[in-house]
Amino acid sequence: MKNKKNKGLVWFANGAFALISLIALFPIISLLISSFMPSSVLMRSGITFNIDTELLGLDNYAYIFTQSSEYWAWYGNSMIISAITIILSLFFSSMVGYALAMYNFKGGNVFFVLVLFILMVPFEILMLPLYQLMIDTQLINTYFAVVLPMIVAPVAVFFFRQYALGLPKELMDAARIDGATEYGIFFRIMLPLMGPSLAAMAILQGLASWNNFLWPLLVLRSNDMFTLPIGLATLLTPYGNNYDVLIAGSVMTIIPIILLFIFFQRYFVSGLTVGGVKG
Amino acid sequence: MNTMSNSGARVRPKTKRESSKVMKFLNSKKVVPYIFVTPFILSFLVLTLYPAIQGIIMSFQSVLPGQVEFIGMQNYTRVPNGTFYKALTNTTVYVILTVIILTFIPMLLAVFLNSKVIKLKTLFRASLFVPALTSTIVGGMIFRLMFGEQETAAANQFISFLGFDPVNWRFTAWSGMLLMVLLASWRWIGVNLLYFLAALQNVPEELYEAADIDGASRFQKLWYITLPQLKPIIIFVSTITIINGFRMFEESFVFWEAGSPGNIGLTVVGYIYQQGIQQNDMGFGAAVGVVLMLIIFVVSFIYLIMTGTFKKEGA
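It should be emphasised that the depicted structure is a prediction, and the values quoted were computed from it without experimental measurement.

1. Describing the pairing of strand β1 (residues 61-64) of chain B
All names here are of chain B.
Then, number 1: The alternating pattern of β1 places Gln61 and Val63 on a buried face and Ser62 and Leu64 on a face that is not buried.
Then, number 2: Relative to strand β2 (residues 67-70), β1 runs antiparallel, the two sharing four bridges. Within β2, the residue paired with Leu64 across the bridge is Gln67.
Then, number 3: Linking β1 to β2, which pair antiparallel, is a turn of two residues; within it Gly66 sits at a positive phi near 70 degrees.

The structure is reproduced here in structure tokens:
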């Protein structure tokens, strides 16, 4: 009898999870479907359950590919900014995290405590003086201004330190006996060993930069410099006259990320769970 | 590795000694870590320490282009006003709701996902995680279209199916808050779920075996073993949710851009943005920022004391 009761529970629990998963995916699926609807219909009725399949078509995508050079400028900016962020933040953060883990040096612990401290200070509180600094140094409205606060990401430093702690220190000694310099040890021996952590942080930093909003909103001023989130947000007007670009553009913003996720799920998971802090 | 040791050997003989001295200095184990850490030191000084100090100084100033003067406490005496209280109330309500939702729901889901009851674990976990990949802007745009004021929009269709009247979602106080909380929950449940799943995997199996021998029920095991074992991760997740909640801005911006009707969606960071950037009153914005920082520190500190994080139990 107990078995029968368990079977009912199993069915119920699995059914509940299937429903919850469907609810979680519903907004994305409905975005995808709505992107094939004429923007005028979308504006009139919103995202709706009654889909008139006769209306579905590729108009929004045709428009965005042929008429909207502005959207592609944003796309390019987002790509460039994310790429620079990933390269610089991986390079510098791994170096710092590695040093904190592998060397015993004066002040090493102080630096580590500072890393944790920065993790806890909300960026929003520093943003006005930083914004002023960008104006004073005339860096406003440049890629550099957007990237600067992300170059040495405390989350990444913390993650790399934890990861490096698990690396074999004997390798370093062996390499020293072979005459390798400390820099050679890092770049040629230890950094390759940190591969999985680099992948996880590349994804975390890339995603954070791709989706970043508040700071780029402050420092980017001209339409041709906007990133995707800023550009798309300008289309969110009460008049709804840009829904074609807005909705097809949103789909193309998240598709690359979802594809990456499908291929590199493992790295996403380890990257985002160490993050914890809002990206 | 041999190639590296040769790197200094090609230098002309005369300078060889000097350069090798410099090399030796740069390569000594006492110097190397500081060189590695230099980017962090620079970034800390320029991007954290400087703006932190500058922010405090600015909060005592009236900052106009080319005309900065100290005005004492005047910015701070202006902070307690109706709009600020409205923003603080909204933020606080949002923090309380998100902490409850984003701690309990992921924990519950994780307990089920971790049990043998659920099949297709990876699929469920992945589907719940996918919303975290969208930006708040894209997510918010979808929510705006789903929760449109039209009767045909998905949310209104759904509630009229249940027998309720259509709601003007973005223009009513309670539903405005609901939209922000829903959007955040949708995007974060999957991430927090992963934290709890990771923690559950670390609960020693022997504890459950011992409980089985003692004849403990499913619920007793959950209450007396799983929950106490999860305590550190519960505190972690709820603390970052509190901090992220006080920092909230985008979830409000995406629904109402610059301003919401009757400020139903105004948050403290939104108020800083409005005053500091849009009204160009940076001194006042900085003062609100300092107040917000104090609030965050005090609230998280009280929370961590209440949950016993500072006690040395070794738990």
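2. So, the pattern of salt bridges
Pairing between side chains of opposite charge can happen when their charged atoms approach one another.
Then, number 1: For the structure shown, the criterion picks out six salt bridges over all chains.
Then, number 2: Linking Arg176(A) and Glu182(A) is a salt bridge whose minimum nitrogen-to-oxygen distance equals 2.6 Å.
Then, number 3: With relative accessibility at 3%, the residue Glu182(A) sits in the buried group.
Then, number 4: Two residues, Lys221(B) and Asp212(B), come together in a salt bridge whose shortest N-O distance is 2.8 Å.
Then, number 5: By relative accessible area, Asp212(B) is classed as partly exposed at 44%.

3. Comments concerning the interface of chain A and chain B
Then, number 1: In this complex, chain A contributes 96 residues to the contact, which on the side of chain B involves 89 residues.
Then, number 2: Between the two partners, chain A and chain B, sit one salt bridge.
Then, number 3: In this structure, Arg247(B) engages Glu124(A) in a salt bridge whose closest nitrogen and oxygen atoms are separated by 2.8 Å.
Then, number 4: Taken together, the connections running from chain A to chain B amount to eight residue pairs in polar contact (both at pLDDT 80 or more).

4. Considering the confidence of the model for chain A
Then, number 1: Scored by pLDDT, chain A has a mean of 85; 94% of the residues are at 70 or more.
Then, number 2: For chain A, per-element mean pLDDT is lowest for helix α15 (residues 265-275) of chain A, which scores 69, and highest for helix α7 (residues 143-147) of chain A, which scores 93.

5. Details of the domain arrangement of chain A
Residues and elements named next belong to chain A.
Then, number 1: When cut into domains, chain A gives domain 1 (2-61) and domain 2 (62-275).
Then, number 2: Between the C-alpha centres of domain 1 and domain 2 there is a distance of 32 Å.
Then, number 3: Listed by partner, the interface residues are 12 residues for domain 1 and 15 residues for domain 2.
Then, number 4: Taken as a group, Leu31, Asn60 and Tyr61 account for 50% of the area that domain 1 buries against domain 2, more than any other trio of residues on that side.
Then, number 5: Viewed at the interface, domain 2 and domain 1 are joined by zero salt bridges.
Then, number 6: If you look at where domain 1 meets domain 2, you find eight residue pairs in polar contact (both at pLDDT 80 or more).
Then, number 7: Elements that contribute at least two residues to the side of domain 1 that touches domain 2 include exactly α1 (2-34), α2 (39-45) and α3 (59-66).
Then, number 8: Among the elements that make up the side of domain 1 that touches domain 2, the one with the highest residue count is α1 (four residues).
Then, number 9: Here the residues of the side of domain 1 that touches domain 2 sort into seven nonpolar, four polar and one charged.

6. Quick word on the domain arrangement of chain B
Residues and elements named next belong to chain B.
Then, number 1: Split into domains, chain B comes out as domain 1 (2-75) and domain 2 (77-306).
Then, number 2: Distance from the C-alpha centre of domain 1 to the C-alpha centre of domain 2: 38 Å.
Then, number 3: In this assembly, nine residues from domain 1 lie in contact with 10 residues from domain 2.
Then, number 4: Broken down residue by residue, the surface that domain 1 buries against domain 2 is led by Met58, Val63 and Asn75, which jointly contribute 55%.
Then, number 5: Remark: the boundary between domain 1 and domain 2 carries six residue pairs in polar contact (both at pLDDT 80 or more).
Then, number 6: Looking at the side of domain 1 that touches domain 2, the elements that each hand over two or more residues are α3 (32-58), β1 and α4 (74-78).
Then, number 7: Sort the elements by how many residues they give to the side of domain 1 that touches domain 2 and α3 lands first, with three residues.
Then, number 8: Within the side of domain 1 that touches domain 2, the residues separate by chemical class into four nonpolar, five polar and no charged.

7. Some words on the packing of helix α6 (residues 123-136) of chain A against helix α14 (residues 282-306) of chain B
Then, number 1: Packing of α6(A) against α14(B) leaves a shortest axis separation of 7 Å and a crossing angle of 150 degrees. The angle between α6(A) and α14(B) places the two elements in the roughly antiparallel class. Of the residues in α14(B), those in contact with Ile125(A), Leu128(A), Tyr131(A) and Gln132(A) of α6(A) are Met282(B), Gly285(B), Ala286(B), Gly289(B) and Met293(B).
Then, number 2: Partitioned by chemical class, the residues of the contact of α6(A) with α14(B) number six nonpolar, three polar and no charged.

8. Considerations on the nonpolar core
Then, number 1: Among the nonpolar cores identified, the biggest contains 186 residues, and Tyr71(A), Tyr98(A), Leu100(A), Tyr103(A), Val219(A) and Phe40(B) are the most heavily contacted of them.
Then, number 2: It is helix α9 (residues 173-201) of chain B that provides the largest number of residues to this core, a total of 17 residues.

9. A short note on the environment of Gly55(B)
Then, number 1: With respect to the element layout, Gly55(B) can be found in helix α3.
Then, number 2: For the pair Gly55(B) and Met282(B), spaced 227 residues apart in sequence, the C-alpha separation works out to 9.3 Å.

10. Remarks on a nonpolar patch on the surface
Residue and element names in this part refer to chain A.
Then, number 1: Together, Ile29, Leu32, Ile33, Ile51, Leu56, Ile255, Leu259, Leu260, Ile262, Phe263 and Phe264 make up an exposed nonpolar region whose accessible area comes to about 950 Å².
Then, number 2: Considering every element that reaches the nonpolar patch, the biggest residue donor is helix α14 (residues 243-263), with five residues.
Then, number 3: With respect to the helices and strands, the residue Ile29 is situated in helix α1.
Then, number 4: Using a relative accessible area of 39% as the deciding quantity, one classes Ile29 as partly exposed.

11. With respect to the packing of aromatic side chains
Then, number 1: Per the stated rule, a full pass over the model turns up 40 aromatic pairs over all chains.
Then, number 2: When the ring of Phe112(A) is compared with that of Phe158(A), the centres are 6.0 Å apart and the planes differ by 25 degrees; the resulting orientation is stacked. With Phe112(A) in helix α5 (residues 108-120) and Phe158(A) in helix α8 (residues 154-165), the pair connects residues that are 46 residues apart, well separated along the chain.
Then, number 3: In this structure, Arg161(A) is placed above the aromatic ring of Phe112(A), and the distance from its NZ or CZ to the ring centre is 3.7 Å.
Then, number 4: Between the NZ or CZ atom of Arg78(B) and the centre of the ring of Phe284(B), over which it lies, the distance is 4.3 Å.

12. A look at unusual backbone geometry
Residue and element names in this part refer to chain A.
Then, number 1: One non-glycine residue, Asn141, adopts positive backbone phi at about 65 degrees.
Then, number 2: Tracing the backbone through its elements, the reader meets Asn141 in the loop between α6 and α7.
Then, number 3: Take Asn141: its relative accessible area is 22%, and that puts it in the partly exposed class.

What counts, and where the lines are drawn
Residues numbered from 1 in each chain as written. Chains lettered and ligands numbered in written order. Predicted model: local features only at pLDDT ≥ 70, side-chain atom pairs only at ≥ 80, totals over all residues. Heavy atoms only, no water. Buried < 20%, exposed > 50% of the residue type's maximum accessible area, 1.4 Å probe, protein only. Helix = DSSP H or I, 4+ residues; strand = E, 2+ residues; numbered from the N terminus. Pairing = 2+ DSSP bridges. Salt bridge = Lys/Arg side-chain N within 4 Å of Asp/Glu carboxyl O. Contact = heavy atoms within 4.5 Å. Polar contact = N/O pair within 3.5 Å; in protein donor to acceptor, adjacent residues only side chain to side chain. pLDDT = per-residue confidence, 0-100. Domains from an automatic or database assignment. Buried area = accessible area lost by both parts, 1.4 Å probe. Nonpolar A, V, L, I, M, F, W, Y, C, P; charged D, E, K, R; others polar. Axes fitted to C-alpha atoms, helices over the stretch in contact; angles between N-to-C directions. Parallel < 35°, antiparallel > 145°, perpendicular 65-115°, else oblique. Core = buried A, V, L, I, M, F, W, Y, C linked by side-chain atoms within 4.5 Å. Patch = residues over 30% accessible without salt bridge, like charges linked within 9 Å, V, L, I, M, F, W, Y side chains within 5 Å. Areas by Shrake-Rupley, 256 points an atom, 1.4 Å probe, with all protein chains shown as cover. Phe/Tyr/Trp six-rings, centres within 6.5 Å; stacked < 30°, edge-to-face > 60°. Lys NZ or Arg CZ within 6 Å of the ring centre and 35° of its normal.

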